Amino acid sequence: MESFKSTPHVIACDAATIYSKLTNPSLIRQLIEANAANIDEQARQHLDTVKFTEDSISIQSPMGEVTLALDHAGSIEDKRIVYTASESPVPINMVINLEGQPDATTMSTAELQLSIPFFMRKMVEGQLKEGAERFGELLSHIPFDRL
């Protein structure tokens with residue numbers, strides 16, 4: 001399985017609070033809508049390709065729309081949140097890694113894990129790297145402690 005990670009981003013909130021918010025996809029949508037003014041224009045444009053429901057996140061990808069559902073077995077409370085593609089031509093996981101810091105902030109990385117046929121890798125690699133980075137950046141702009 002290939003992995004595409006964002007650079008680490010600091011979130012000004014503790015890991016437990018972030019975990020509780022990010023394991024409820026419908027809440028994520030509300031958080032983003034409520035804080036749209038704090039999200040830069042480029043990131044907002046990419047949000048048009050993401051849909052949040054009560055139990056899943058759907059993302060437009062180079063392979064079409066991919067729906068990810070919360071994977072309770074793969075998630076680790078306050079440390080790791082895993083969403084797994086339920087209907088996808090290839091296995092896909094979206095992972096949010098959380099590392100609590102002594103100053104009540106959290107270091108986070110967003111990661112896309114998927115099995116890509118070798119011949120497709122070069123075609124989609126750049127977009128997947130960019131997608132992971134943008135998602136990681138988006139998470140760092142959400143004021144989780146004020147929600």
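As shown above, the structure is provided for reference.
The model shown is predicted, which means the values in this text are computed figures rather than measured ones.

Rules used in this analysis
- Residues numbered from 1 in each chain as written.
- Predicted model: local features only at pLDDT ≥ 70, side-chain atom pairs only at ≥ 80, totals over all residues.
- Heavy atoms only, no water.
- Helix = DSSP H or I, 4+ residues; strand = E, 2+ residues; numbered from the N terminus.
- Rg over C-alpha atoms; globule rule 2.2 N^0.38 Å.
- Buried < 20%, exposed > 50% of the residue type's maximum accessible area, 1.4 Å probe, protein only.
- Contact = heavy atoms within 4.5 Å.
- Areas by Shrake-Rupley, 256 points an atom, 1.4 Å probe, with all protein chains shown as cover.
- Arc of directions from axis to C-beta.
- Salt bridge = Lys/Arg side-chain N within 4 Å of Asp/Glu carboxyl O.
- Pairing = 2+ DSSP bridges.

A. Just the overall build of the protein chain, in detail. Helix and strand content of the protein chain: 4 helices and 8 strands. The N-to-C order of helical and strand elements in the protein chain reads β-β-α-α-α-β-β-β-β-β-β-α. Here the C-alpha atoms of the protein chain give a radius of gyration of 15 Å, agreeing with the 15 Å that 2.2 N^0.38 yields for 147 residues. With the principal axes as the frame, the protein chain shows a C-alpha extent of 45 × 30 × 30 Å. Each of the 147 residues in the protein chain was classed as buried or not, and the buried ones make up 41%. Considering only contacts in the protein chain between residues 6 or more positions apart, those separated by 24 or more positions represent 57%. Only carbon and sulfur atoms are counted for the fraction: they give 52% of the accessible area of the protein chain, which is about 7800 Å².

B. Geometry of helix α1 (residues 15–22). Inspection of α1 places Ala-15, Ile-18, Tyr-19, Lys-21 and Leu-22 among the buried residues, and these make up the whole buried set. Down the axis of α1, the buried set is contained in an arc of 165 degrees. They therefore lie on one face. Packing partners of the buried residues in α1 comprise β2 (9–11), α2 (25–34), β6 (80–85), β7 (92–100), β8 (106–114) and α4 (118–141).

C. Representation of the pattern of salt bridges. Per the stated rule, a full pass over the model turns up 5 salt bridges. Here Arg-121 makes a salt bridge to Glu-2, at a shortest N to O gap of 2.3 Å. One end of the pair, Arg-121, is in helix α4; the other, Glu-2, is in strand β1 (residues 2–5), and 119 residues separate them in sequence. Put simply, Arg-121 and Glu-125 hold a salt bridge, and the shortest N to O gap is 2.8 Å. Placement of both Arg-121 and Glu-125 in helix α4 is noted, with a separation of 4 residues, approximately one turn of the helix. Accessibility expressed as a relative area gives 12% for Glu-125, which makes it buried. Salt bridges sharing partners connect three or more residues here, namely Glu-2, Arg-121, Lys-122, Glu-125 and Lys-129.

D. α2, seen in detail. The set of residues buried in α2 consists of Pro-25, Ser-26, Ile-28, Leu-31 and Ile-32. The elements touched by buried residues of α2 are α1, α3 (41–47), β3 (50–52), β4 (56–61), β6 and α4.

E. Highlighting unusual backbone geometry. A positive phi angle, close to 65 degrees, is found at Asp-78, a residue other than glycine. Among the secondary structure elements, Asp-78 is positioned in the loop between β5 (64–70) and β6. Its identity as a non-glycine residue notwithstanding, Ala-104 has a phi of 65 degrees, on the positive side. Relative to the elements of secondary structure, Ala-104 occurs in the loop between β7 and β8.

F. Here's a closer look at the pairing of β5. Direction of pairing for β4 relative to β5: antiparallel, over a ladder of 6 bridges. For Gln-60, the partnering residue across the bridge sits in β5 and is Glu-65. As paired elements, β5 and β6 share 3 bridges and run antiparallel to each other. Counterpart to Leu-70 in the pairing with β6 is Tyr-83.

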